[in-house]
Amino acid sequence: MPERSGPGFRRRVGPPSRRARVALLTVGVLAVLFLLFVMFAGFWTDWLWFRSVHYSSVFTTQLWTKIGLFAVFGLLMAATVGFNIWLAHRLRPPLSAMSVEQQSLDRYRAGLAPFKRWALIGVSLVIGLVAGAAASGQWRTWLMWTNATSFGEKDAQFGMDVSFYAFDLPFYEFVLGFAFSAVIVSLLTSALVHYLYGGLRLQGPGRRASAGAQGHLAVLLGVFVLLKAVAYWLDRYALAVKTGSYKGVSGWTGLRYVDANAFLPAKTILFFVAIICAVLFFLTPIRRTWAPALIGLGLMVLSAVLIGGLYPAIVQQFQVKPNEQAKETPYIQKNIDATRQAYGIAASQTTPYTPQGATTADALKPDAQTVADIRLLDPNIVSPTFQSIEQQRNYYAFPNTLAVDRYGSGADKQDSVVGLRELDLNGVQRNWINDHFKYTHGYGAVVAKGNQVNDKGEPVFTESGLPATGALGDYEQRIYYGEKTTTYSIVGGSNKEIDYTTKAGENKEYVYSGAGGVSLDNPLTRAAYAVRFAEPQILYAGAISDGAKVIYNRTPKERVEKVAPWLSIDADPYPVVQDGRVVWVLDGYTTSDGFPFSSKTTLGTATKDSLTNQRGELLTVANQVNYIRNSVKATVDAYTGEVKLYQWDEQDPVLKTWMKAFPGTVEPKADIPSTLLPHLRYPQDMFKVQRDLLGQYHVTDANSFFNGSDIWQVPVDPTSDTKQVQPPYYVTVRMPDAAAASFSLTSTFVPNGRPNLAAFMSVNADPGPDYGKIRILKMTGDIGAPGPGLVQSKFNSRQEVAQQITLLKSGGDSDLEYGNLLTLPVGGGLLNVEPVYVRGRGAKYPTLQKVLAVYGDDNVAFENTLADALKKLFGEGAPPATPVASSSNPSVPANPSNPSNPSTPTTPTPTAPATPTPGGTISPELQKALADAEKAYNDSQTAFKNGDWVAYGNAQKALGEALKAAEAARGGSPAPAPTGTPAPGATGGGSPSPKP
């Protein structure tokens, strides 16, 4: 057979067959339909989700606002550009010049001729679509402008209400930018059409532009210059929110002397120059010459350089610099006042404080509550302890950072560390059924006293177990929505979920009956979710029965951010048990970057500290703001996912604006449940932004601010290796001017570049009359007080402390973890307390073994308990600390491990009274046994201090034998051991058990 590719073979070339065309058309149609359905699925599932949480108005308001902006500004842009293209074509010369340039353009004109109308429509629509899409992203700007609420405050330069800068000016700038874009695009496309059709020429003799082209382009340039005049006028007001760097403040905002006396008049002059220049351009079609307009444009450019650039530089050099302080002081004062007002720190109270190095029993009495509530349980360290003792099953987990809250009432109110036992799918065999149908929720809250540990150094739980029991009473313990719950689940119908597993290993089952979730009964809805989650099994899985629902967007922060997209959400949600429910509480912030004269700060930078990665996401990482309010308290029900937004700051105009834009979404402050109110607290991120500003803006006098001699900074956290600043701490503390201690959020300052303490800052975090009141104790005196870094150095440099730390580490067998270093004003001085945790090799969690304490400059204590440390610091006049709890407390599970960390006994050793026999006297055998026990205990203490581990072991053995003898002498009843003496064999946690 001949080769088919040979010279005699002619390959058939032509259109594809009918079958091929049908196949290609079918594939194309299916692809388009699939893409359309993917877009529909995203829209439809979002609508269903918003409807399920009863915030459908948020979805529709956003949707219609975006559609409206897209349509209006898209059509405006398309109409403007289309009209100018049509006009340019209409003004084309009847005959093209006979030149090589025009002859080469003939073929383009001829090729375009049949499609001119479609080309016009196509180009206009494409440009309109791009402009409409950009405009739809400005929905926040539009809603704030149309719903603007007055601040009731005027700026210090122009006398305009702050709302003009916060709501109006951003919208005017957006419209102006849009108008500039429309004119520039129209100018470019018109010039191209004029060139294509001979209205503009680059070559050949005679006029370069026809009369029509000249007039058209001159008018467009005139409109451009007229818009520039409007921009110059708005720039005058924008000076009040102009940001730069001054006096070490990177976000300095507002006018300075050169702005008010050079830039401001320059902008006014340029405004009139631009209007004159625009008039000259508008006269160009009449005068038929470019000369006046181009001369005017040149003069405007020259004016911008000389008046807008050179003149301010001359003023700065020859008027400001020779006498800068006198010139700038009034504008610095405006910046100070506006910044303090915008960040809510104007009412902060600064009091001189001279910390004493010693104190008396009478001086300590008013601070008894502060001392009793000193938090020893560090919520940033004890999560592994909660995990090991209270995890119960592998598919549960606790957050890395636990929450601090208050439970109880009156005298029984207790600072507590709280964690929810959330679902952790890493602890189960992963498959689609397990991940989304069987393991769907966590179970129960675990609560421990913040100021107390047991004799093993473990938390004292007030709510624990599975199901949890304790002080909280009955409540819905299932946690379907939590910080660790990031995947979707399908619940309800006939789907039986794993509720929890009993101690006997029996799986309890449960069928979800909550109101949360989206029904999957509709096949179209199932198909939409199959596309959304990229999981085809949702379409046909038999496990999805009638009545089944899908729950997703399950983290509290994610849910609140979706229903309130105008809020910035605090990075640290915390759980509260109230009214038989577990709810997450979140703090929402309203912000603005349009408060005149108020310096700007970057939220991500201001809220970063040594615990940032452990706590969660940063607060709005890159956003620069110069106004912030904690305006909303939000709750998310851990069982149903219900979201509630409550108005917290009733005076905030930004919140009022958003409430008008989204009516009915925020409930009044009066509707906050009375059982929830005691658990609300001052938010950390708000506090960190305020303390960041107060580092410089605690200075209220402009002359002192100019000198910059009193700048504070937040100290680096000495207990962390991150080199980040120290986080604030929730504690119960009494400030010197307060009558009683209150739940507060506290922090410290050190002078810029120095280690001593500059100030102590506290804000009342308990809802009530003083909520949000910021008090600052400014250190005075020649010596001052040590900052956190110096306090830590004092701990580590003391020989006796260093020796015991070495023993605690057991030659490298154990790791030390320093807890929160708390600084507290007590007894006229400053008490620093730091719990020290030890994690033995192979141990799953750390236990509290020591307490470091410093009072004044030289009083350092490193003891087993806080009570011992305070007694060493203050003597017999020490306020009573919370005693160490026994590990036999029924609410505290026994420690399964037996860490061998060297430590001294957990309490001091006063002589214990002997227990009389039934006859009322003490037998000689019992007296001798108790004496032997006390001698053995004293010998073990001496051996421990000397590091003689052989003698220590012998003494411990003798102690055990003496206690057995005492028990026998009492007829089998447990003998009364000296206080602090460990039970025989109980060498873990509270008793020393060093290795030879």
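These figures come from a predicted structure and were not determined experimentally. (Residues numbered from 1 in each chain as written. Predicted model: local features only at pLDDT ≥ 70, side-chain atom pairs only at ≥ 80, totals over all residues. Heavy atoms only, no water.)

A. Structural view of the overall build of the chain. In terms of regular secondary structure, the chain is built from 27 helices and 36 strands. Evaluated residue by residue, the chain yields a buried proportion of 52% over its 996 residues. Looking at the chain alone, contacts between residues at least 24 apart form 69% of all its contacts between residues at least 6 apart. When the accessible surface of the chain is summed, it comes to about 43900 Å², and 57% of that surface belongs to carbon and sulfur atoms. (Helix = DSSP H or I, 4+ residues; strand = E, 2+ residues; numbered from the N terminus. Buried < 20%, exposed > 50% of the residue type's maximum accessible area, 1.4 Å probe, protein only. Contact = heavy atoms within 4.5 Å. Areas by Shrake-Rupley, 256 points an atom, 1.4 Å probe, with all protein chains shown as cover.)

B. Region of the structure containing the confidence of the model for the chain. Across the chain, the average pLDDT comes to 85, with 87% of residues at 70 or higher. Under a pLDDT of 50 for its full length, residues 889–921 has, in the predicted model, 91 contacts with residues more than four places off or in other chains. Long-range and interchain partners of residues 972–996, a stretch whose pLDDT sits below 50, account for 69 contacts in this model, where long-range means more than four residues apart. (pLDDT = per-residue confidence, 0-100.)

C. Quick peek at the packing of aromatic side chains. This structure, assessed with the given rule, holds 50 aromatic pairs. Taking 5.9 Å as the distance between ring centres and 5 degrees as the angle between the ring planes, the aromatic pair formed by phenylalanine 595 and tyrosine 627 counts as stacked. Placement of phenylalanine 595 in the loop between strand E20 (581–592) and strand E21 (601–602) and of tyrosine 627 in strand E23 (residues 627–637) is noted, with a sequence separation of 32 residues between them. By the burial criterion, phenylalanine 595 is buried, and tyrosine 627 matches it. Through a chain of ring-to-ring contacts, the aromatic side chains of Phe73, Trp142, Trp145, Phe158, Phe164, Tyr165, Phe171, Tyr172, Phe174, Phe178 and Tyr237 assemble into a single cluster. Over the aromatic face of tyrosine 246 sits the side chain of lysine 247, whose NZ or CZ is 5.7 Å from the ring centroid. (Phe/Tyr/Trp six-rings, centres within 6.5 Å; stacked < 30°, edge-to-face > 60°. Lys NZ or Arg CZ within 6 Å of the ring centre and 35° of its normal.)

D. Just the pairing of strand E24 (residues 643–647), in detail. Within E24, four of the five residues are buried, leaving the element largely enclosed by the surrounding structure. As paired strands, E23 and E24 are joined by five bridges and run antiparallel to one another. Bridging across to E24, lysine 633 finds its partner in tyrosine 646. Between the antiparallel neighbours E23 and E24 lie five residues, among them glycine 641 with a positive phi of about 80 degrees. (Pairing = 2+ DSSP bridges.)

E. Representation of the pattern of salt bridges. Counted by the stated rule, this structure contains 28 salt bridges. With a closest N to O distance of 3.9 Å, aspartate 649 and arginine 629 form a salt bridge. Pair noted here: aspartate 649 is in the loop between E24 and helix H20 (653–661) and arginine 629 is in strand E23, with a separation of 20 residues, a long-range link. Per residue, the accessibility class of aspartate 649 equals that of arginine 629, and both read buried. With a shortest N-O distance of 3.8 Å, aspartate 770 and arginine 775 are connected by a salt bridge. Aspartate 770 sits in the partly exposed class, given a relative accessible area of 36%. (Salt bridge = Lys/Arg side-chain N within 4 Å of Asp/Glu carboxyl O.)

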